[in-house]
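Next come the chains, spelled out residue by residue.
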Amino acid sequence: MAEVLILSQSTDKVERYKTLVPQIEALIAGETDVVANLSNIAAALRQSMNFFWVGFYLVKNNAGRQELVLGPFQGPIACTRIAFAKGVCGACWKEKKVMLVPNVDEFPGHIACSSDSKSEIVLPAFKNNEVALVLDVDSDQLNDFDKTDEHYLSQVMRLIEKFL
Ligand code: SME
C-alpha cells in the first residue's frame with residue numbers, strides 16, 4: 001500500500017477527487033480489516049478534501065435492536081449512537097439512498113453534533129442488499145455539497161462494499 005497520500009494542488013474538486021479515488025483503491029488493496037480500512041479512508045478524505053467532519057456510522061445490534069454506532073472519523077467529537085430513521089444518517093439508512101442536505105437547519109430531525117455544521121451529505125454502503133454503514137460528511141458552509149460529491153463519494157462507497 002502507498003504510505004504517502006498525493007494531494008492534488010487543484011482548487012477544482014473534480015480534480016481533487018480524481019487524484020484521491022484511485023489512491024483509496026490502492027490504500028485498501030490487500031487489507032481486509034474493516035476498521036483499518038475505514039480509518040484510512042476517513043483520513044484520506046479529510047486530508048484531500050479538507051472536510052470539516054468526515055466519518056462512518058456502522059449498523060450494529062444493541063440488545064436485539066439495530067442502531068448506527070460511530071466508527072472511524074476525522075474532525076471534532078461526535079454523537080455516538082443514532083436510531084433508525086433519526087437525523088440525516090438515520091434517514092439515509094431508512095431510505096437506502098444518498099441524502100444531500102444544503103442547509104441542515106431545514107432538515108426535519110437533523111442531529112446537530114456540532115453547531116458549526118451547516119450542510120451535509122450522507123451515503124450508504126450495502127452488504128447483502130442491506131445498509132451496513134453510512135459515510136457522513138459535514139461542512140461548516142451552507143450548500144457545500146453537490147452531485148459531484150455524490151458521484152465521487154459513491155465510487156468510494158462501492159470500494160468499501162468490497163471489504164464489508
Ligand atoms: N448530523 C448527523 C449526525 C452525525 S454528525 O453530523 C457527525 C445526522 O443528522 O444524522
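Residues numbered from 1 in each chain as written. Predicted model: local features only at pLDDT ≥ 70, side-chain atom pairs only at ≥ 80, totals over all residues. Heavy atoms only, no water.

1. Focus on the sheet that holds strand β5 (residues 119-127)
Step number 1: If you trace the 6 strands from one edge of the open sheet to the other, you get β3-β2-β1-β6-β5-β4, paired in antiparallel fashion. The sheet is open, and its two borders are formed by β3 (81-83) and β4 (99-101), each paired with just one other strand. Sheet twist, expressed as the mean angle between neighbouring strand axes with direction ignored, is 25°.
Step number 2: Bridge count between β4 and β5: 3 bridges; the pairing is antiparallel. Opposite Leu 100, over in β5, you have Ile 121 as the bridge partner.
Step number 3: Packed on one face of the sheet, helix α2 (residues 34-49) meets β1 (53-62), β2 (65-74) and β6 (130-139) and runs near 55° to β2.
Step number 4: The sheet contacts of helix α3 (residues 87-95) involve β1, β2, β3, β4, β5 and β6, and relative to β5 the element is tilted by about 35°. (Pairing = 2+ DSSP bridges. Helix = DSSP H or I, 4+ residues; strand = E, 2+ residues; numbered from the N terminus. Axes fitted to C-alpha atoms, helices over the stretch in contact; angles between N-to-C directions. Contact = heavy atoms within 4.5 Å.)

2. Describing the site of the ligand
Step number 1: Taken together, 13 residues lie around the ligand, and Val 88, Cys 89, Ile 111, Cys 113 and Asp 138 are the ones closest in.
Step number 2: Within the backbone of Cys 89, one N or O atom sits 2.8 Å away from an oxygen atom of the ligand.
Step number 3: Residue Ile 111 places a main-chain N or O atom 2.7 Å away from a nitrogen atom belonging to the ligand.
Step number 4: For the ligand, whose unbound accessible area comes to 310 Å², protein coverage reaches 99%.
Step number 5: A majority-of-atoms criterion places the ligand in the largest cavity.
Step number 6: Of all the elements in the fold, those that place two or more residues in the shell around the ligand are β1, α3 and β6.
Step number 7: A per-element tally of the shell around the ligand places α3 first, with 3 residues.
Step number 8: Residue classes in the shell around the ligand are distributed as 8 nonpolar, 2 polar and 3 charged. (Near = heavy atom within 4 Å. Polar contact = N/O pair within 3.5 Å; in protein donor to acceptor, adjacent residues only side chain to side chain. Areas by Shrake-Rupley, 256 points an atom, 1.4 Å probe, with all protein chains shown as cover. 1 Å grid on protein atoms, 1.4 Å probe; cavity = no way out; pocket = protein on both sides within 12 Å on 5 of 7 lines; lining within 4 Å. Sits in = over half its atoms within 2 Å of the grid points. Nonpolar A, V, L, I, M, F, W, Y, C, P; charged D, E, K, R; others polar.)

3. Examining the pattern of salt bridges
Step number 1: A complete count under the given rule lists 6 salt bridges for this structure.
Step number 2: Residues Lys 13 and Asp 146 are paired through a salt bridge, measuring 3.2 Å at the closest nitrogen-oxygen approach. Taken as a pair, Lys 13 in helix α1 (residues 13-28) and Asp 146 in the loop between β6 and α4 (147-160) lie far apart in primary sequence, 133 residues in all.
Step number 3: In this structure Lys 13 comes out as partly exposed when scored by relative accessible area, which is 23%.
Step number 4: On the basis of relative accessible area, Asp 146 is assigned to the partly exposed category, the value being 32%. (Salt bridge = Lys/Arg side-chain N within 4 Å of Asp/Glu carboxyl O. Buried < 20%, exposed > 50% of the residue type's maximum accessible area, 1.4 Å probe, protein only.)

4. Side note on unusual backbone geometry
Step number 1: Even without being glycine, Asn 50 reaches a positive phi, approximately 55°.
Step number 2: Phi at Asn 129 takes a positive value of approximately 65°, unusual for a residue other than glycine.
Step number 3: Residue position: Asn 129 is located in the loop between β5 and β6.
Step number 4: In this structure Asn 129 comes out as exposed when scored by relative accessible area, which is 66%.

5. Let's talk about the packing of aromatic side chains
Step number 1: As enumerated under the stated definition, the model contains 5 aromatic pairs in all.
Step number 2: Seen in terms of ring centroids, Trp 53 and Phe 73 are 5.3 Å apart; in terms of plane orientation they differ by 20°. Their pairing is stacked. Placement of the pair is Trp 53 in strand β1 and Phe 73 in strand β2, with a sequence separation of 20 residues.
Step number 3: Residue Trp 53 is classed as buried on the basis of its relative accessible area of 4%.
Step number 4: Look at Phe 84 and Trp 93: their rings are 4.8 Å apart centre to centre, the planes differ by 90°, and that puts the pair in the edge-to-face class.
Step number 5: Residue classification places Trp 93 among the buried positions, given a relative accessible area of 7%.
Step number 6: Site record: aromatic cluster; members linked through ring pairs are Trp 53, Tyr 57 and Phe 73. (Phe/Tyr/Trp six-rings, centres within 6.5 Å; stacked < 30°, edge-to-face > 60°.)

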